[in-house]
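# Structural features, examined
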Amino acid sequence: MHLIHEAQPHPGSDELERLYREHKNLVFRAAHRLTGNPEDAEDVLQTVFMRLVKSHTRGSPLRATARLDARDDSDPSTTPKSQSSTARYLCRAAINAALDVLRTRKRAASVALSEADGTRDPRGQPEMIHMRREVRDGLRQALTRLRPRAAEIFVLRYFEGYSNHEIADLVGSSRATVAVILHRSRRRLRQELGPFLGGTS
Amino acid sequence: MSQHKATDSDLTRTVEAIQAETIDVKAENEAYDRVWHDLSREAEGAPALTPPEVEAGGVIASCAQFQALIPAYLSHELTSARRLLVEDHTRECIPCRKALQAARSGETRAGAGTLGRELRPRGVGPVLRRVLAASVVALVGAVSFYLWTGPLAPAERDVAEVKAVDGHLSLVTEAGPRALALGDWLDEGQEVRTARGSGAVLQLADGSTVEMDERSTLSLRVRRDETRIQVRRGNIIVEAAPQGEGVLTVATPDCLVSVKGTVFAVRLGTKGSRVSVFDGEVQVEHGQEAKTLYPGDQLATHGGVTAVPLASEIDWSRDFDRYIGLLHEFSNLRQELNQLVARPDPRFSTRLLDLAPASTAVYVAIPNLTTAVTEARRLLDERLSANPQLRSWWDENVVSSGFDAQLDELLERLRAFGDNLGDEIVVTLSRAENRGVRDPLVLAEVTNSMALEAALVEEAERLARESNGNFQLQILVDPLAETQGDDADLLVWIFEDLFVASPNLEPVQGIAAILSQGQKSPFVGSEFHAQLAASYAQGAEFLAGVDLSVFLAWALAEEGASEAALLEESGLLDAKHILLERKQTRDEVQSAAVLSFDGPRSGIASWLAPPSAMGSLDFISADADVAFAMVVKEPRTIVDELLELLALAQTGVEAELAELETRYGLNLRDDIAAPLGGEVAFAHDGPALPQPSWKLIVEVYDPVRLQNTLEWIVEQINAELERNGGEGKVQLTRTEVGGETFYQITSSLTGASEIHYVFVDGYLVMTPSQVLLDRALRFKEAQATLLTSPEFQALLPEDGFLNFSALLYQNLGALVDAGLKQLAQAGDALSAEQRQTLAQLDIDSGPSLVCAYGEEDRIRVTSRSEGGLLDFATGGSFFPLLNQQQGVFGSLLPPL
């Protein structure tokens, strides 16, 4: 029986509020970078924290993250090296949830009108902005065709700025394996990106 | 949008553009508020939103809200993020999952009803389609017949029209290939060929169509009651129009296919032909057999033209009597070993694989050869006792060096362990944290744990004694209770029927933990494990696998290393696993190596083209000692990629090459690579003395251009010699004989040397003498080639491939054996006894064939050769040429 259904009193609401206050930006922005729009990022934010709440009743991540943070005095800023273990956990959760969103997204919904009409960037012509947006979304879609683990590692490295060593620790692998996966992912993504680049570079 | 090749910079810029995307701060803050509002409602157990609120995009916080979304979810009206939320929730919440299933089953039933109403009566569709198809075929046939016999009929000898060309279709003429275009007609007897990556459709006068795959060659012959398609090589699909009183036939060198009206495919490859029938009825004659094939049937053949054996000349008689006697003895011994020594059976499964550590990077499984090796030693001793000549040689060369005693001791110790172990010994190495491998681990099943433990105790004492205490072997009782110390060099643990040994405690503890929990290793389920398990499923004797990513990662461990860029461009960084397998029957050894890649092959790894017919082998006789042939992808692309690699490896190479090209007016890519096709073969095909009978055959698409290039090169060499004041000269001459133009390049630079070549049937054939060149052409004409020889056919691997990407054939043993046999008949110089001994010798350990297949994401190499226990012990079959030398001369070595 889980919390939503039974609506029982929540024992960790203060803890949840602290976690949410400290890490909402990190989760939302990581999700936004991957999904490319605030609506999906908001849903990812809700998904990640909802999962955290649900898991809390089973005694796992919320308490576990508190324990991790107790051991880890680092500042929960956006720099990966200085992130707490909770932040890293939430960052991974956000990336994986956002990748799930991308995998189920229809391509037709990939171009946001607000950017396609050129109003965001006064320096560029609308057509060029649209093309750049298409390339970016092309990369996002290409990520969904990588293996889940490879996609996560790529995003951690290049979107979120983690080092190979940090990623190896996070995903429980060796630095060399991470390097190989990144190399292969870059190669695959370059191939996938080709059709989107006609005339833009 | 034009196609663009993305570079690494493109990818980096795109990632940076994503990172630089701006977020509307107001929208972001509003999102934070909304989500927190719902989270806090969730935490406090707030009442659910009403369904309209949910559908309007409100945040979902209860099961009722999720269930309200189910209809929209099933009708695919939700956003992808909302779909994810629903899926996520229904996976965890049983009531909601049941609600979803209930809604879905209702939807399915409704859908089924709709589908049921839309179903058409059975059988009408296909029948109508067949009638229509038959009508169309009949109409096409009738119109074709009218056009064929009417005023619009082509010239009398025209037999087929080119109806479609995709790529390059050419007519093979004496003057070289001539391109054919859409609407061109093909005369009777003319040979037409598609180039690599090309295809074409020909329409015969009766309306039948012939679709040609890439690299296919055929000609047509029309008689009153028969139209014959003569396939020289490649793959065709024939859609035969109704033939009336006549018949349409397709002939390959080893079968004849007759049809009245049908659709079927004929593939003529290096190994033979395969006929597949899709519609109608087909008669296939193959040798003395005739068979009727129906739709879905398939028939494969093998060529059977008997080759004419040629004797080779070699003289290696020295210290004749003794040498021949020894060879005779070793020849007998080798046969006895092959016939009498029992070999281990293939293993189709093993529990040792499931115990390998999670981070296994190297896995080697070898059969327990203790019984076979002991038996071999016994046979050797019997032979030594029976033959004083052999005994004398053995004492002189082996016993005197002390090797014989060492061998006995080694065998004794081997037996102490091997007799108590199962039929397989596995060695693994694990991935190290940062680079390389660590923790060697030996695993084996135990047949007698008491005896094995006793042997281990004895061995531990002996090792400690012999090393003055520097080597310590420790027998573990409970690995999980132990801590790694510095006092033991090798840790051994025997648990029930399992033997585990390692210099490190950690892998032994890993096995102990797995066994104590009754589980399998986390290695089970990995891709590497799956590949190894698949090899076992087909029967394994020797099996080795390496997870290449571990080793290739070394190049990438230091980010920014130039070697990494070079490796990346070469495509070798994508290599994933390599598996080596070796199986031995009583008569032969089968080996295979598979190099798999993480995705389609690229760079150097992609140069090997997919399996394809090889016309170049038609110029090589059945008596070739060595032959190598391969098909590669577009030569121009290879040159481009090669130059890129050279530029990465060494700065300035591009500039140097450009300077050379300007200086000599020669473009490597356009003048040399562009005229070439994708096939090359090299062979030694004739006597080795007085000069090697080498032969080079290269597929050429533009012989005129290549000849111009060769003439230009000769001119430039002479001009360079003149500039440097050299006395030598290179001369190119041409001779017309029987309609063929033969070329000869003569050099007086370093002694007289000659090269002879001719362009024929789309190939450049090059040899060191005119005689060899004439013979090469005769082999092709008579179809008495390597491909049709029984020795070659017998070595063809049993697999689903008709063609190869590359092959290496050798029959050096025959060279030596034939020489000895000739010596036996040589006459006066030898005594009758010597001649008899020579005639009885059987040191020809047989030819071998290595075949390579370039598949999309892997390269597979297989080989078959005759072998025996000696061969097994040396593992020589992976290198058949070396193995052959081992077979001929290596018999003189001790049997280990």
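Only a predicted model underlies this, so the values are computations on that prediction, with no experimental measurement involved.

## Examining the overall build of chain B
Within chain B one finds 27 helices and 35 strands. Within chain B, the proportion of its 896 residues that are buried is 47%. In chain B, of all internal contacts separated by at least 6 residues, the share reaching a separation of at least 24 is 61%. As presented, chain B carries roughly 43,400 Å² of accessible surface, and 55% of it is formed by carbon and sulfur atoms.

## Focus on the overall build of chain A
Scanning chain A for helices and strands turns up 10 helices and zero strands. Taken from the N to the C terminus, the helices and strands of chain A come in the order α-α-α-α-α-α-α-α-α-α. A total of 201 residues make up chain A; the buried ones form 55% of that total. Partitioning the contacts of chain A with sequence separation of at least 6, the portion at a separation of at least 24 is 65%. Working note: accessible area of chain A is about 8,500 Å², and carbon and sulfur atoms make up 49% of it.

## Some words on the packing of helix H8 (residues 148-159) of chain A against helix H1 (residues 8-19) of chain B
Between H8 of chain A and H1 of chain B, the shortest axis-to-axis distance is 11 Å and the interhelical angle comes to 75 degrees. Classified by the interaxial angle, the pair formed by H8 of chain A and H1 of chain B is roughly perpendicular. The segment H8 of chain A lies against H1 of chain B, with Phe154, Tyr158 and Phe159 of chain A engaging Leu11, Val15, Ile18 and Gln19 of chain B. Split into classes, the residues belonging to the contact of H8 of chain A with H1 of chain B amount to six nonpolar, one polar and no charged.

## Things to note about the packing of aromatic side chains
Throughout the structure, instances matching the rule amount to 16 aromatic pairs over all chains. Residues phenylalanine 28 of chain A and tyrosine 32 of chain B carry aromatic rings whose centres are separated by 5.3 Å and whose planes lie at 75 degrees to one another, so their mutual orientation is edge-to-face. With phenylalanine 28 of chain A in helix H2 (residues 13-35) and tyrosine 32 of chain B in helix H2 (residues 25-44), this residue pair bridges two chains. A relative accessible area of 0% means that phenylalanine 28 of chain A is categorised as buried. A relative accessible area of 4% means that tyrosine 32 of chain B is categorised as buried. When the ring centre of tyrosine 32 of chain B is taken as reference, the NZ or CZ atom of lysine 24 of chain A above it lies at 5.1 Å. Sitting above the plane of the tyrosine 158 of chain A ring, arginine 186 of chain A keeps its charged end 4.8 Å from the centroid.

## A short note on the packing of helix H10 (residues 370-386) of chain B against helix H12 (residues 403-418) of chain B
Residues and elements named next belong to chain B. Running from amino to carboxyl end, H10 crosses H12 at an angle of 145 degrees, the nearest separation of the two axes being 10 Å. The two elements H10 and H12 meet at a crossing, and its hand is left-handed. On H12, the residues that touch Thr370, Val373, Thr374 and Arg377 of H10 are Asp404, Leu407, Asp408, Leu411, Leu414, Arg415 and Gly418. Here the contact of H10 with H12 is built from residues that sort into four nonpolar, three polar and four charged.

## Overview of the nonpolar core
Leu34, Phe49, Leu143 and Phe159 of chain A are the most contacted members of the largest nonpolar core, which totals 60 residues. Looking at this core element by element, the count peaks at 10 residues for helix H5 (residues 85-104) of chain A. The contacts of leucine 143 of chain A, once residues within four sequence positions are left out, are Leu34, Leu99, Ala151, Phe154, Val155, Phe159 and Leu189 of chain A. One finds Ala160, Val192, Val210 and Leu248 of chain B within the second-largest nonpolar core, a separate group that totals 32 residues.

## Digging into unusual backbone geometry
Residues and elements named next belong to chain B. Even without being a glycine, aspartate 439 presents a positive backbone phi close to 50 degrees. Tracing the chain through its elements places aspartate 439 in strand S19 (residues 437-446). Judged by its relative accessible area of 7%, aspartate 439 falls in the buried class.

## What to know about helix H14 (residues 505-516) of chain B
Residue and element names in this part refer to chain B. Over its 12 residues, H14 runs 16 Å from end to end, which matches the ideal 16 Å to within 8%, given 1.5 Å per residue. Looking at the packing, one finds that the buried side of H14 touches S19, strand S20 (473-476), strand S21 (490-495) and strand S22 (498-502). Once H14 finishes, glycine 518 follows within two positions and takes phi at roughly 65 degrees, a positive value.

## A closer look at the pattern of salt bridges
A complete count under the given rule lists 57 salt bridges over all chains for this structure. Linking aspartate 598 of chain B and arginine 188 of chain A is a salt bridge whose minimum nitrogen-to-oxygen distance equals 4.0 Å. Highlighted residues: aspartate 598 of chain B in the loop between strand S25 (588-597) and strand S26 (626-631) and arginine 188 of chain A in helix H10 (residues 175-193), drawn from two different chains. By relative accessible area, which is 13% here, aspartate 598 of chain B ends up buried.

## Remarks on the environment of valine 222 of chain B
Residues and elements named next belong to chain B. Mapped onto the elements, valine 222 comes out in strand S8 (residues 217-222). As a C-alpha pair, valine 222 and leucine 248 span 26 residues in sequence and 9.3 Å in three-dimensional space. Once residues lying within four places of it in the same chain are set aside, the contact partners of valine 222 are Val159, Glu188 and Thr227.

## Some thoughts on the environment of arginine 105 of chain A
For arginine 105 of chain A, the location among the structural elements is in the loop between H5 and helix H6 (113-116). Each C-alpha atom of the pair arginine 105 of chain A and threonine 35 of chain A lies 9.3 Å from the other, and the pair is 70 residues apart in sequence.

## Section: the environment of histidine 165 of chain A
Within the secondary structure layout, histidine 165 of chain A lies in helix H9 (residues 164-171). The spacing of histidine 165 of chain A and alanine 179 of chain A is 14 residues in sequence and 9.4 Å in space, taken between C-alpha atoms.

## A short note on helix H19 (residues 653-664) of chain B
Between its first and last C-alpha atoms H19 of chain B spans 16 Å; for 12 residues at 1.5 Å apiece the expected length is 16 Å, and the two agree. Of the residues one or two after H19 of chain B, glycine 665 of chain B is the one with positive phi, at around 60 degrees.

## Some remarks on the side chain of glutamine 716 of chain B
Looking at the element boundaries, glutamine 716 of chain B is found in helix H21 (residues 703-723). For glutamine 716 of chain B, the contacting residues outside a window of four places in its chain are Arg663 and Tyr664 of chain B.

## As for the confidence of the model for chain B
Detailed reading of predicted coordinates is not advised where the pLDDT is low. All names here are of chain B. When pLDDT is averaged along chain B, the result is 75; 73% of the residues meet or exceed 70. Mean pLDDT values for the elements of chain B range from 35 in helix H27 (residues 880-888) up to 95 in strand S32 (residues 763-767). Across residues 867-896, confidence stays below pLDDT 50; counting only partners more than four residues off in sequence or on other chains, it has 78 contacts. With pTM at 0.54, the complex prediction returns an ipTM value of 0.80.

## Concerning the side chain of lysine 695 of chain B
All names here are of chain B. With respect to the element layout, lysine 695 can be found in strand S28 (residues 694-700). Of the polar contacts made by the side chain of lysine 695, one reaches the backbone oxygen of phenylalanine 619; its length is 3.0 Å. Lysine 695 has contacts with Phe619, Ile620, Ser621, Ala681, Phe682, Ala683, Asp685, Met766, Thr767, Ala776 and Phe779, leaving out every residue within four places of it along the chain.

## Here's the deal with the pairing of strand S24 (residues 575-584) of chain B
Residues and elements named next belong to chain B. A large share of S24 lies buried, amounting to seven of its 10 residues. Across six bridges, strand S23 (residues 542-547) lies against S24 in antiparallel orientation. Directly across from alanine 544, in S24, lies its bridge partner leucine 580.

## Some points on the confidence of the model for chain A
All names here are of chain A. Across chain A, the average pLDDT comes to 71, with 64% of residues at or above 70. Of all helices and strands in chain A, the one with the weakest mean pLDDT is helix H1 (residues 3-6) (31), whereas H8 scores best (91). A low-confidence stretch, residues 1-11 (pLDDT under 50), is modelled with 24 contacts involving residues beyond four sequence positions or located in other chains.

## A word on the pairing of strand S33 (residues 806-810) of chain B
Residues and elements named next belong to chain B. Counting buried positions over the five residues of S33 gives four, a clear majority of the element. Bridge count for S33 against strand S34 (residues 848-855) is five bridges, and the pairing is antiparallel. Opposite alanine 806, over in S34, you have alanine 852 as the bridge partner.

Criteria and cut-off values
Residues numbered from 1 in each chain as written. Chains lettered and ligands numbered in written order. Predicted model: local features only at pLDDT ≥ 70, side-chain atom pairs only at ≥ 80, totals over all residues. Heavy atoms only, no water. Helix = DSSP H or I, 4+ residues; strand = E, 2+ residues; numbered from the N terminus. Buried < 20%, exposed > 50% of the residue type's maximum accessible area, 1.4 Å probe, protein only. Contact = heavy atoms within 4.5 Å. Areas by Shrake-Rupley, 256 points an atom, 1.4 Å probe, with all protein chains shown as cover. Axes fitted to C-alpha atoms, helices over the stretch in contact; angles between N-to-C directions. Parallel < 35°, antiparallel > 145°, perpendicular 65-115°, else oblique. Nonpolar A, V, L, I, M, F, W, Y, C, P; charged D, E, K, R; others polar. Phe/Tyr/Trp six-rings, centres within 6.5 Å; stacked < 30°, edge-to-face > 60°. Lys NZ or Arg CZ within 6 Å of the ring centre and 35° of its normal. Left-handed = near helix turned anticlockwise from the far one by under 90°. Core = buried A, V, L, I, M, F, W, Y, C linked by side-chain atoms within 4.5 Å. Expected span 1.5 Å × (residues − 1). Salt bridge = Lys/Arg side-chain N within 4 Å of Asp/Glu carboxyl O. pLDDT = per-residue confidence, 0-100. Polar contact = N/O pair within 3.5 Å; in protein donor to acceptor, adjacent residues only side chain to side chain. Pairing = 2+ DSSP bridges.

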